[in-house]
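Report on the structure
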Amino acid sequence: MEGKNGLRTLLLVLVLGLMLSFVLAPFAWQVVTALKPSGQLAQLPPLLPSPPTAQHFMAVVGAPGFLRAALNSTLVATATVLLAFALGVPASYALAKLPVRGRGFLLAMLLFLSMFPAISNVGPLYLLFIRLGIRDSILAVVLAHSVFAMPFAVWTLTSFFQEIPDDLYRAARMDGCSHLGILRHVVLPLAGPGLLSVGLLVFIFSWNEFLYAFTLTASPRSRTLPVAIALFPGVHEIPWGEIAAAAVLATLPTVLLMLAFQRRIVSGLTAGAVKG
Amino acid sequence: MDLVLENLVKRFGERIALEIPKLTIHRGEFFTLVGPSGCGKSTTLNLIAGLEEVSDGTLRLGERVLNELPPHRRDIAFVFQSYALYPHRTVFGNLAFPLELGGAPLDEIRRRVAETAELLGLTALLEKRPRQLSGGERQRVALGRAMVRQPQLFLFDEPLSNLDAPLQTQMRRELRRLHRQLGTTFVYVTHDQEEALSMSDRVAVMQAGRIRQCGTPREVYEQPVNIFVATFFGSPPMNLLPANLERDAEGAWARVGAWRLPARICGEDRKTDAVTLGIRPEHLRLSREPAADAWPLQVTLCEPHGALIHLELEGDGIHLTAAERGQAGYALGEKVWVQPVREWVHVFDQRTGERIGGGET
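Notes on the structure in this doc start here. (Residues numbered from 1 in each chain as written. Chains lettered and ligands numbered in written order. Predicted model: local features only at pLDDT ≥ 70, side-chain atom pairs only at ≥ 80, totals over all residues. Heavy atoms only, no water.)

1. Focus on the pattern of salt bridges
Residue and element names in this part refer to chain B. By the definition in use, this model includes 19 salt bridges over all chains. Between K22 and E6 there is a salt bridge, and its shortest N-O distance comes to 3.1 Å. Of this pair, K22 sits in strand β2 (residues 15–25) while E6 sits in strand β1 (residues 3–12); the two residues are 16 residues apart in sequence, bridging distant segments of the chain. Taking relative accessible area as the criterion, E6 reaches 25% and is therefore assigned partly exposed. Residues R89 and E100 are paired through a salt bridge, measuring 3.3 Å at the closest nitrogen-oxygen approach. Residue R89 is located in the loop between β6 (76–79) and α2 (91–101), and its partner E100 is located in helix α2; the two are separated by eleven residues in the primary sequence. Judged by its relative accessible area of 17%, R89 is buried. Because the salt bridges share partners, they merge into one network encompassing E6, K22 and R60. (Salt bridge = Lys/Arg side-chain N within 4 Å of Asp/Glu carboxyl O. Helix = DSSP H or I, 4+ residues; strand = E, 2+ residues; numbered from the N terminus. Buried < 20%, exposed > 50% of the residue type's maximum accessible area, 1.4 Å probe, protein only.)

Here it is, written out as structure tokens:
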């Protein structure tokens, strides 16, 4: 009995280890590259940098575009989250608890919208934003990201709000709440974990998104981190060390967020699956 | 102040879910709406509360017309089946919430919450959260949140159905005591006929969106207006026997097979002679001695219920349930002579189900 269990654990560890190294190997390679002195970049051995150097990190942080891009990314992701909340929370409340005509249709349309691949609407959005005169602005990137963030937020929040029992809404109305009061005093406190995970996932999506950000921006003024890193290659040679260092730096915030809130995010992702 | 419902109609789309021509609930009354699920009793409660809109008709509390008032301006409190306590607030926070929204000053909130908690025995629990409380305690917090605003009217939507049986009995008594103590009107919704009979001053029996009968528990139990009301109350339910009306020089008789019973029919001559006799199980007299106008039936099932024993009796195509005190000790398969108590026999029109008379008194 014990031997069987031991074998099981061994297999489990083996499989998990394989999967983990498959997922993490590229990132590890990136870290190693970022720490290698320029001279060793094209050499193997040594596998590990000897001695490790911070020169690429210093170069990246010192580069004029990088900090601006980091700031832009932060602005874009934060604004996308705020916009998704500002519009998504009331919309989800209405869809979850008010007698909205054509509710099923609206939800289906939202799902439908979010199923289009980004590449299919990046062209029309590009033309639209030129017409509106907002190409190459942070606003354009935020709006484009909202195309995906909004349906996701509304779907997830609707199922969170639906899990709050009807009687609580009715009790709050008897106690003297308006709909906005119900939102503030009952829904938001109770849907806190849901809001948190939706906010984090939208933030990370927006932080990582490349295609829209690449198409809709044209200058360092509005470029986000993924775009800035992709445009790193210099005129004469490709600075692999700097690219790796920038990528590692860009990944850090999302990794830290995920580590801090992983439990909540998992519960948020499965919330819609279990009920509603 | 009386609560008056006049020509009240609730439609969902084209379907009329509720129609009440006139209902007056008196001040200080414990009034119960009872009926099977889907009969419109909860809808009635929601209309009174203002949680759903009236399609037609008037709702008045004293002189005030309630129709257009939002729920919290009606001076009405609601106790929900699920208690509907705010999980993120303490017991104090739950009790204080309606007062906070009403803009009461903090010291008044404290005083009134303390008073209410004292009355309901919640003082020691004020700092706890709902999930740390037992079912009975949650029920009391829900009551407290309703009481703290000192409303003119309490609405209860099946408040006891989430509790287990012993606690239910206890809470029934507590609610009755509270009702006496507060002297406020209670409107209570339940599907449980026993609850309705044991707690209420008056009962309205509802079916398919209509009130079928309104009266004291005794009235609806002893003088049901139709077969629905007659069979809704009582456990085991009333026995129903198809019979024929016959008339001779002595008067009217209800005939079942070879057996007949004097019947007193109210009103004019009926078109139909097909009637249904209703006899409650406790109104059947059983005997081992043969009697002239008694049925010889066989005991096919004995079901002891403590003080009473329920007997299934069959013979001659007739099937009856009787409730007897256990002492006689009838055994399975035994032959017994069965006779109804005449004054407790009900006669219903077989076609309409309306009560048209009773056995001779």
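2. Comments concerning the interface of chain B and chain A
Taken together, the contact between chain B and chain A spans 23 residues of the former and 14 residues of the latter. Contact with chain A buries surface across chain B, with L51, Y86 and H88 of chain B losing the most and accounting together for 30% of the total. Scanning the region where chain B abuts chain A turns up one salt bridge. With a shortest N-O distance of 3.8 Å, D175 of chain A and R145 of chain B are connected by a salt bridge. Looking at the side of chain B that touches chain A, the elements that each hand over two or more residues are α1 (41–49), β6 and α2 of chain B. Of the residues assigned to the side of chain B that touches chain A, the class counts are 14 nonpolar, six polar and three charged. (Contact = heavy atoms within 4.5 Å. Buried area = accessible area lost by both parts, 1.4 Å probe. Nonpolar A, V, L, I, M, F, W, Y, C, P; charged D, E, K, R; others polar.)

3. Topic: helix α5 (residues 118–132) of chain A
Compared with the 21 Å implied by 1.5 Å per residue over 15 residues, the 20 Å span of α5 of chain A between its first and last C-alpha is a close match. Taken residue by residue, α5 of chain A has N121, V122, L125 and F129 of chain A as its buried positions. (Expected span 1.5 Å × (residues − 1).)

4. What to know about the sheet that holds strand β8 (residues 185–190) of chain B
Sheet strands line up and pair through hydrogen bonds in the backbone, either parallel or antiparallel. Residue and element names in this part refer to chain B. Across the sheet, which stays open at both edges, the six strands sit in the order β6-β7-β8-β3-β9-β10 with mixed pairing between neighbours. Each edge of the open sheet is held by one strand with a lone partner, namely β6 and β10 (210–215). Each strand of the sheet is rotated relative to its neighbour by a mean of 20°, with strand direction disregarded. Judged from the four bridges that link them, β6 and strand β7 (residues 153–157) form a sheet pairing that is parallel. Among the inter-strand pairings, A77 is bridged to a residue of β7, identified as F154. Most of the contacts of helix α5 (residues 165–182) go to β8, to which it runs at about 155°, and overall it touches β3 (30–34), β7 and β8. (Pairing = 2+ DSSP bridges. Axes fitted to C-alpha atoms, helices over the stretch in contact; angles between N-to-C directions.)

5. A look at the packing of α2 of chain B against helix α3 (residues 106–120) of chain B
Geometry of a packed helix pair, given as the angle between the helix axes and the separation of the axes. All names here are of chain B. Where α2 meets α3, the axes come as close as 10 Å, and the angle between the chain directions of the two elements is 130°. Here α3 runs oblique to α2, going by the angle between their axes. As α2 runs across α3, the sense of the crossing is right-handed. Note on element contacts: α3 touches α2 through I109, R110, R112, V113 and A117, opposite F92, L95, A96, L99 and E100. Of the residues assigned to the contact of α2 with α3, the class counts are seven nonpolar, no polar and three charged. (Parallel < 35°, antiparallel > 145°, perpendicular 65-115°, else oblique. Left-handed = near helix turned anticlockwise from the far one by under 90°.)

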